[in-house]
Protein chains: 2
Amino acid sequence: MKAMEEKILQEGHVLPGNILKVSHFLNHRIDTAFLMEMGTEMARLFENDGVDLVMTIEASGIAVAVAAAASLQVPVVFAKKHKSTNLSGDIYKATVHSYTHDEDYQVVVSKECLSAGHRVLIVDDFLAMGNAINGLMSIIEQSGSQTVGVAVAIEKGFQSGGDTLRAQGVRVESMAIIDSMDENGVKFRPSFS
Amino acid sequence: MKAMEEKILQEGHVLPGNILKVSHFLNHRIDTAFLMEMGTEMARLFENDGVDLVMTIEASGIAVAVAAAASLQVPVVFAKKHKSTNLSGDIYKATVHSYTHDEDYQVVVSKECLSAGHRVLIVDDFLAMGNAINGLMSIIEQSGSQTVGVAVAIEKGFQSGGDTLRAQGVRVESMAIIDSMDENGVKFRPSFS
């Protein structure tokens, strides 16, 4: 999505530690018009795949998921994060390692909110090592539903998450894939779509 | 908003401790079509107030804020929650007490994402004691911007937050105001709008 690459070049900032700061338009302040445009593009890419549910993880995935789901005209379920491993009740859960914070957390979805038989599109703001996505895929599998694909705003192509998922046969659509970035700038993977 | 009252009656559940569970359509699973309808109604109520920014707090406020902001065609800033009081940097912050979890947390907004002179609509999913809203109003005041009003999905009218704000002259628009609730059902405050 050319508009995403342009937005990153215009408003993103590369910080030490391979951090791309996009807090001005994506995950602190949200450019709503741009967000809805991104959701429309994600919906277009998966319009023939029978998606009937969008899933994401709180907090910064929610806005992107709502935009995609509004365009697809399907509901959203957002998984919740808990630090405690001592969770019970009627829930699906998966353990996810955060490289950003170097700690494990639990991703949790109430069984009441996710039944079997859905065709689920996973949506998130970032894809780096893919751990959060893998946690969501585990929960979707536990529920008896099916992951149709993954749509993310920004993929860090120099980390392995996206390409590992693709090698496993998962369809991953990223609005921009960053192949390298440093203080001199950002380089994108050429798009063939 | 009649549709919100009907939704609560159809899909909400009252749990012990004055908890209204609306996780099936509002804050875990999101009924996207209903969400966008609610955003349109919030935008209609404030369409003549020159709102140029919507603010909320992560996580469950984000979806409602995006819906309202998309309809108003303005950006969203969502404040972040931190447990640490030891925060520094170019931020605005306020301390908020959570009655649900009986603990204090910090509400934080980066100064880069909130400049002076904005006319801000605060949006959230719930209004009970109003502590989160007061935290946001403090941050907006710190920034040199102005709170134009507050729009929430569900107000617990039997708690004091909404009416205290109104007594202070703050315009509060709630899509439904619950005057009482127990295992026998939910009673709404009559609407005069």
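Calculation rules
Residues numbered from 1 in each chain as written. Chains lettered and ligands numbered in written order. Predicted model: local features only at pLDDT ≥ 70, side-chain atom pairs only at ≥ 80, totals over all residues. Heavy atoms only, no water. Contact = heavy atoms within 4.5 Å. Buried area = accessible area lost by both parts, 1.4 Å probe. Salt bridge = Lys/Arg side-chain N within 4 Å of Asp/Glu carboxyl O. Polar contact = N/O pair within 3.5 Å; in protein donor to acceptor, adjacent residues only side chain to side chain. Helix = DSSP H or I, 4+ residues; strand = E, 2+ residues; numbered from the N terminus. Pairing = 2+ DSSP bridges. Phe/Tyr/Trp six-rings, centres within 6.5 Å; stacked < 30°, edge-to-face > 60°. Buried < 20%, exposed > 50% of the residue type's maximum accessible area, 1.4 Å probe, protein only. Lys NZ or Arg CZ within 6 Å of the ring centre and 35° of its normal. Least-squares fit on C-alpha atoms with pLDDT ≥ 70 in both. Axes fitted to C-alpha atoms, helices over the stretch in contact; angles between N-to-C directions. Parallel < 35°, antiparallel > 145°, perpendicular 65-115°, else oblique. Left-handed = near helix turned anticlockwise from the far one by under 90°. Core = buried A, V, L, I, M, F, W, Y, C linked by side-chain atoms within 4.5 Å. pLDDT = per-residue confidence, 0-100. Lys, Arg positive; Asp, Glu negative; His and termini not counted.

With 30 residues of chain B at the contact, the number on the chain A side is 30 residues. Together, the buried faces of chain B and chain A total about 2,400 Å²; carbon and sulfur atoms form 65% of this surface. Looking at the side of chain B facing chain A, the largest losses of area belong to His28, Thr32 and Phe78 of chain B, adding up to 26% of the total buried there. In this assembly, chain B and chain A are joined by two salt bridges. Residue lysine 21 of chain A pairs with glutamate 112 of chain B through a salt bridge whose shortest N-O separation is 2.7 Å. Applying the counting criterion to the chain B and chain A interface returns twelve residue pairs in polar contact (both at pLDDT 80 or more). When contributions to the side of chain B that touches chain A are tallied by element, the ones reaching two or more residues are strand E3 (29–30), helix H2 (32–45), helix H3 (61–72), strand E5 (76–82) and strand E7 (103–110) of chain B. Where strand E5 (residues 76–82) of chain A lies against E3 of chain B, two bridges are found, and the strand directions are antiparallel. Within the sheet, the bridge partner assigned to valine 76 of chain A lies in E3 of chain B and is isoleucine 30 of chain B.

Quick look at the packing of aromatic side chains now. With the rule as written, the count across this model stands at two aromatic pairs over all chains. Where phenylalanine 25 of chain A meets phenylalanine 34 of chain A, the ring centres are 5.8 Å apart and the plane angle is 80°; that geometry is what we call edge-to-face. On the basis of relative accessibility, which here comes to 1%, the residue phenylalanine 25 of chain A falls in the buried class. A cation over a ring is seen here: lysine 7 of chain A above phenylalanine 34 of chain A, with NZ or CZ 5.2 Å from the ring centre. The residue whose ring lies beneath arginine 171 of chain B is phenylalanine 46 of chain B, and the NZ or CZ to ring-centre distance is 4.1 Å.

Moving on, we come to the relation of the copies chain B and chain A. If you rotate chain B by 180° and push it 0.0 Å along the axis, it lands on chain A with an RMSD of 0.0 Å. Viewed as a symmetry operation, the transformation between the two copies matches a two-fold axis. By C-alpha distance to the rotation axis, the residue of chain B lying nearest is alanine 59 of chain B, at 2.5 Å. Most of the interface of chain B is mirrored in chain A, where 100% of its interface residues again form contacts.

Take the side chain of serine 174 of chain A next. Residues and elements named next belong to chain A. Mapped onto the elements, serine 174 comes out in strand E10 (residues 172–182). You can call serine 174 buried: its relative accessible area is 14%. A polar side-chain atom of serine 174 sits 2.6 Å from a polar atom in the side chain of glutamate 155. Not counting the four nearest positions on each side in its chain, serine 174 is found in contact with Val152, Ala153, Glu155 and Arg166.

The next thing to look at is the pairing of strand E6 (residues 91–98) of chain B. Residues and elements named next belong to chain B. Burial along E6 is one-sided: Tyr92, Ala94, Val96 and Ser98 are buried, and none of Ile91, Lys93, Thr95 and His97, which face the opposite way, are. Where E6 and E7 come together, eight bridges link them in antiparallel fashion. The residue of E7 that forms the bridge with tyrosine 92 is valine 109. Where E6 hands over to E7, the hairpin turn is made up of four residues, of which aspartate 102 adopts a positive phi near 45°.

Moving on to the packing of helix H3 (residues 61–72) of chain A against H3 of chain B. Axis separation between H3 of chain A and H3 of chain B bottoms out at 9 Å; the angle between their running directions is 50°. One element, H3 of chain A, and the other, H3 of chain B, form an angle in the oblique class. For H3 of chain A against H3 of chain B, the interelement crossing comes out right-handed. On the side of H3 of chain A, the interface is formed by Ile62, Ala63 and Val66 of chain A, while H3 of chain B contributes Ile62, Ala63 and Val66 of chain B.

The next thing to look at is the nonpolar core. With 83 residues, the main nonpolar core has Met4 of chain A together with Met4 and Met38 of chain B as its most contacted residues. Beyond its immediate chain neighbours, meaning those up to four positions away, methionine 4 of chain A contacts Phe25, Phe34, Met38, Ala153, Ile154, Met175 and Ala176 of chain A.

Cis geometry is found at the peptide bond from glutamate 58 of chain A to alanine 59 of chain A, where omega equals 0°. Turning to its location among the elements, alanine 59 of chain A is positioned in the loop between strand E4 (53–57) and H3. The backbone of asparagine 18 of chain B sits at a positive phi, close to 55°, despite the residue not being glycine. Within the secondary structure layout, asparagine 18 of chain B lies in the loop between strand E1 (13–15) and strand E2 (19–21). With a relative accessible area of 37%, asparagine 18 of chain B lands in the partly exposed category. For glutamine 73 of chain B, which is not glycine, the phi dihedral falls at a positive 60°. Take glutamine 73 of chain B: it is sitting in the loop between H3 and E5.

For chain A, mean pLDDT is 95; residues scoring 70 or higher make up 99% of the total. This prediction of the complex comes with two scores: 0.96 for pTM and 0.95 for ipTM.

Quick look at the side chain of arginine 29 of chain B now. Mapped onto the fold, arginine 29 of chain B is located in strand E3. Here arginine 29 of chain B occupies a buried position and makes no salt bridge, while the nearest side chain of opposite charge, glutamate 11 of chain B, is found at 5.2 Å. Beyond its immediate chain neighbours, meaning those up to four positions away, arginine 29 of chain B contacts Pro75, Val76, Val77 and Cys113 of chain A together with Ser23 and His24 of chain B.

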